[in-house]
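Given next are the chains, with one letter for each unit.
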Amino acid sequence: MTCHRCGQPMYQHEATADRWWCRCGAWRDVGESADRVAAREAETASVLALLDAAIAGRRSGGEEQRIRDREITDQMEITMSPRIQTTGCPKCGGTMYKTIETDENGNPIGAGPFVCNSCGHMM
Ligand SMILES: [Zn+2]
Ligand SMILES: [Zn+2]
């Protein structure tokens, strides 16, 4: 499988055998159509933009910002499917993301690896 985003070869992760991963952070389910991948990534991009805004806001602080933060977080709760977790990258200090798969009731059923948004490090 070649990455639809950057053209590098994708690989599979033992925890998610039916999913292809790429070092650039892209992934696709085995058998997922190109159209579906594009639609899903457009949604993820908008969620990540909200996330970046929330992180930037937290740095600047302020009560007004905290209220906005909460609104963004609420918005993310609604739009996030699959959910996204973040953590600091031990290699470059960037932000790592991973997606949490949930069933129709919102219960987590699995997760992929963390992938660094900056350097591509995985863990
Ligand atoms: Zn890629
Ligand atoms: Zn990194």
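Quick caveat, the model's predicted, so the values are computed rather than measured. Positions within a chain are numbered from 1, following the residues in the order the chain's sequence is written. Going through the entries in the order they are written, you letter the chains from A and number the ligands from 1. Whole-chain, interface and lining totals are the exception, using all residues; otherwise, since this is a predicted model, local features are given only for residues with pLDDT of at least 70 and side-chain atom pairs are given and counted only at 80 or more.

Quick notes on the overall build of the chain
In step 1: Tallying secondary structure elements over the chain gives two helices and seven strands in all.
In step 2: Secondary structure elements follow DSSP: runs of H or I of four or more residues count as helices, runs of E of two or more count as strands, with numbering from the N terminus. Ordered by position from N to C terminus, the α and β elements of the chain give β-β-β-α-α-β-β-β-β.
In step 3: Buried means a residue has 20 or more other C-beta atoms within 10 Å of its own C-beta, exposed means 12 or fewer, and partly exposed covers the counts in between; C-beta atoms are placed from the backbone. When the 123 residues of the chain are sorted by exposure, 11% land in the buried category.

As for the nonpolar core
One broad rule of soluble globular proteins: the nonpolar side chains tend to lie buried together.
In step 1: In terms of nonpolar packing, the biggest core is built from five residues, these being Cys89, Met96, Tyr97, Val115 and Cys116.
In step 2: For this core, the secondary-structure elements that each account for two or more residues are strand E5 (95–102) and strand E7 (115–116).
In step 3: What counts as a contact here is a pair of residues whose C-beta atoms, placed from the backbone, lie within 7 Å. Residues contacting tyrosine 97, with those up to four places away along its chain left out, are Gly25, Ile84, Thr86, Phe114, Val115 and Asn117. As used here, a nonpolar core is made of buried Ala, Val, Leu, Ile, Met, Phe, Trp, Tyr and Cys residues. They are joined through C-beta atoms within 7 Å.

Thoughts on the pairing of strand E6 (residues 108–111)
In step 1: For E5 and E6, the ladder comprises three bridges, and the chain directions are antiparallel. What sits directly across from isoleucine 100, in E6, is alanine 111.
In step 2: For two strands to be treated as a pair, DSSP must find at least two bridges joining them. Following E5, the chain reverses through five residues before pairing antiparallel with E6; glycine 106 in that reversal takes a positive phi of roughly 85°.

Some details on the pairing of strand E2 (residues 16–21)
Along a regular strand, successive side chains alternate from one face of the sheet to the other.
In step 1: Relative to E2, strand E1 (residues 11–13) is paired through three bridges, and the arrangement is antiparallel. The residue bridging tyrosine 11 from the neighbouring strand is tryptophan 21, located in E2.
In step 2: With antiparallel pairing between neighbouring strands as the criterion, E1 and E2 make up a hairpin whose turn holds two residues.
In step 3: Bridging between E2 and strand E3 (residues 27–29) involves three bridges; their strand directions are antiparallel. When the bridges of E3 are listed, arginine 19 appears paired with aspartate 29.
In step 4: Connecting the antiparallel pair E2 and E3 is a turn made up of five residues, with glycine 25 showing a positive phi of about 100°.

Regarding the confidence of the model for the chain
In step 1: A residue's pLDDT is the predictor's confidence in that residue, given on a scale from 0 to 100. With 86% of its residues at a pLDDT of 70 or more, the chain shows a mean pLDDT of 82.
In step 2: Here helix H2 (residues 63–79) is the element of the chain with the lowest mean pLDDT, 68, and E3 is the one with the highest, 91.

Topic: the sheet that holds E2
In step 1: Reading across the sheet, the three strands line up as E1-E2-E3 and stay open at both edges, with antiparallel pairing between neighbours. A strand with exactly one partner marks an edge of an open sheet, and here the two such strands are E1 and E3. Going across the sheet, the axis of each strand differs from the next one's by a mean of 40°, ignoring polarity. Note on method: axes are straight lines fitted to C-alpha atoms, helices fitted across the in-contact stretch only, with angles between N-to-C directions ranging 0 to 180 degrees.

Focus: the environment of leucine 51
In step 1: By secondary structure assignment, the location of leucine 51 is in helix H1 (residues 34–60).
In step 2: Spatially, the C-alpha atoms of leucine 51 and threonine 86 are 9.4 Å apart, while their sequence positions differ by 35 residues.

What about the environment of histidine 121?
In step 1: Structurally, the position occupied by histidine 121 is in the segment after E7.
In step 2: Overall, the presence of 17 C-beta atoms within 10 Å leaves histidine 121 in the partly exposed class.
In step 3: For the pair histidine 121 and cysteine 24, spaced 97 residues apart in sequence, the C-alpha to C-alpha distance is 9.1 Å.

Points about the environment of asparagine 117
In step 1: By the secondary structure assignment, asparagine 117 is in the segment after E7.
In step 2: You can call asparagine 117 partly exposed: it has 18 C-beta atoms within 10 Å.
In step 3: On a C-alpha basis, the gap between asparagine 117 and tyrosine 97 in space is 7.0 Å, while along the polypeptide they are 20 residues apart.
In step 4: Excluding residues that lie within four positions of it along the chain, asparagine 117 makes contacts with Gly25, Gly94, Thr95, Met96 and Tyr97.

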